[in-house]
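Residue strings, one per chain:
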Amino acid sequence: MRRILGGFAALLMMGSAAQAATDLDLYFPVPVQGKLANEMQRLIEQFDKTHPDINVTAVYTGSYDDTNLKTRAAIKAGHPPGAVIMSANFVREYAINDDAVPYDDLIAADRQSNADFMAQFWPALKLNATEGGHVYGVPFQNSTPLMYYSVDAFKDAGLDPDHPPATWQEWTDALRKLTKRDGDKTVRYGLMMPGTYDYLGWLTSALTMSNGGQYYNPDWGGEVYYTAPSTLGAVRFLDALVHQWKVMPEGVTDANAVTTAFFQGRTAMMLLSTGSLGFVRDNMKTPYKVAFLPHSIVNAAPIGGASLIVPKGNSPERRAAAWVLIKWLTSPEIAGGWSRFTGYFAPRIAAYDLPEMKTYIAEHPDAKVALDQLAYARGWFATYNTVGVRKAMEDAVQAVISGKAKPEAALAEAQRQADALMQPYVEQTALKLPQ
């Protein structure tokens, strides 16, 4: 009888333990092509098996912008997700709006300082993970823009694929040679790049940075430099690529159309995230290479990708469980595996000490280019009202590459709109006088 009662008690205890498991939902986006959603589901299943006290549900939330909207809606409704893989350039805004909780106490409980914790990640990632000395985001998947180019197209144009263009002048010269026409029809463009929201702002900021500019104030969320010479020069360059030299198609093209054109030989080059490396590697049937973004004045490129945040409104238990998940996802082993699968570089430096990562880099030298470019990487555009302020610029650039506006007028309007959107924050901060 005691054995039966003892067994029954054990079952009750097991049931109690199972009921005590902390439920956690993880919002995650898929901003580039590929099979990332399936791989994320597999990772979460692996985590759940090895962490029976935490039950994580992975929730696919669309693009980075979609994920931001859904997260804000959930916070407002009082049901925030336990953790979010959030576009790294939204971290500042979540901190400004008090919509995310810093990790400082959790880091301290692990007997680390914030500086020691962030030192585990590539230095260029710090700006989009911290705000006011506090850690709000843990880097998870990160990227820089890369120049992808077809080896066959280079050879066809009499160019050396082992020496891609490094400056804007070399780039322009190469694009003229790479562009092929049949009468009035262009059968191969020299360059294509995504012109849709989010991607376009990122690439425009990349060109601005390589033209010597900042694009935005990296130290404060109330200032952008849309009419600065560095930004104007970058947009003039895009305008000339489309309308003067006709080496890039007119109008707005999305990432899927860009990669399809590259795979089919209808463009010799494309600007795309390193996060697309895995997709390109799986689908490009002819030889290709990748290189740094060419520069006008300085080598520079913005960080892209996402960090893990914990939204405000979670219970202490859910927050603690989220911290366990976040540390697991950003461990060298998991971060390294995600990098090999996707093409994003692993933000955790120690991942590259693993034997499997050393083998991967040796077998796929294209994956090393983004790491090398990190030496010149800068923070990703981050302001108060990031999406609206960024969209003001993107609308301007879309109008320019579509032939509907000239750079000077378009950027002046973008600056006016951006200033108006940031004005409430400016009044609360930089223009607010002491009492």
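Scroll up for the structure.
Residues numbered from 1 in each chain as written. Predicted model: local features only at pLDDT ≥ 70, side-chain atom pairs only at ≥ 80, totals over all residues. Heavy atoms only, no water.

Undergrad: Can you break down the pattern of salt bridges residue by residue, with the values?
TA: Under the counting rule described, the total for this entry stands at 20 salt bridges. Residue Asp 25 is joined to Arg 318 by a salt bridge in which the shortest nitrogen-to-oxygen separation is 3.0 Å. Separated by 293 residues along the polypeptide, Asp 25 in strand E1 (residues 22–28) and Arg 318 in helix H13 (residues 316–329) bring together distant segments of the chain. Here Asp 98 ties to Lys 312 by a salt bridge, and the two come within 2.6 Å at their closest N and O atoms. Pair noted here: Asp 98 is in the loop between helix H4 (91–96) and helix H5 (104–109) and Lys 312 is in the loop between strand E13 (304–309) and H13, with a separation of 214 residues, a long-range link. The exposure class assigned to Asp 98 is partly exposed, which follows from its relative accessible area of 40%. Taken together, the salt bridges that share partners define one network made up of Asp 65, Asp 198, Arg 390 and Glu 394. (Salt bridge = Lys/Arg side-chain N within 4 Å of Asp/Glu carboxyl O. Helix = DSSP H or I, 4+ residues; strand = E, 2+ residues; numbered from the N terminus. Buried < 20%, exposed > 50% of the residue type's maximum accessible area, 1.4 Å probe, protein only.)

Undergrad: A description of helix H17 (residues 386–401) should follow, citing residues and the corresponding values.
TA: Owing to its 3.6 residues per turn, the α-helix aligns residues three or four sequence positions apart on the same side. In this model, H17 (16 residues) spans 22 Å end to end at C-alpha, consistent with the 22 Å of a helix rising 1.5 Å per residue. For H17, a buried count of twelve out of 16 residues is recorded, marking the element as mostly surrounded by other parts of the structure. Of the residues making up H17, those classed as buried are Thr 386, Val 389, Arg 390, Ala 392, Met 393, Glu 394, Ala 396, Val 397, Gln 398, Ala 399, Val 400 and Ile 401. On its buried side, H17 packs onto helix H3 (64–76), H4, helix H9 (199–210), helix H10 (229–244) and helix H18 (407–428). Positive phi shows up at Gly 403, right after H17, with a value of about 75 degrees. (Expected span 1.5 Å × (residues − 1). Contact = heavy atoms within 4.5 Å.)

Undergrad: Just give me the short version of the sheet that holds strand E3 (residues 83–87), but keep the residues and values in it.
TA: Two modes of strand pairing occur in sheets, parallel and antiparallel, and in both the strands are linked by backbone hydrogen bonds. Read across the sheet, five strands follow the order E2-E1-E3-E13-E6 without closing on themselves; strand pairing throughout is mixed. On the outer flanks of this sheet lie strand E2 (54–60) and strand E6 (138–143), each paired with one strand and no other. The sheet shows a mean angle of 20 degrees between the axes of neighbouring strands, direction not considered. Direction of pairing for E1 relative to E2: parallel, over a ladder of seven bridges. Bridged to Leu 26 within E2 is Ala 58. Helix-sheet contacts for H13 involve E1, E2, E3, E6 and E13, and the interaxial angle to E1 is about 55 degrees. (Pairing = 2+ DSSP bridges. Axes fitted to C-alpha atoms, helices over the stretch in contact; angles between N-to-C directions.)

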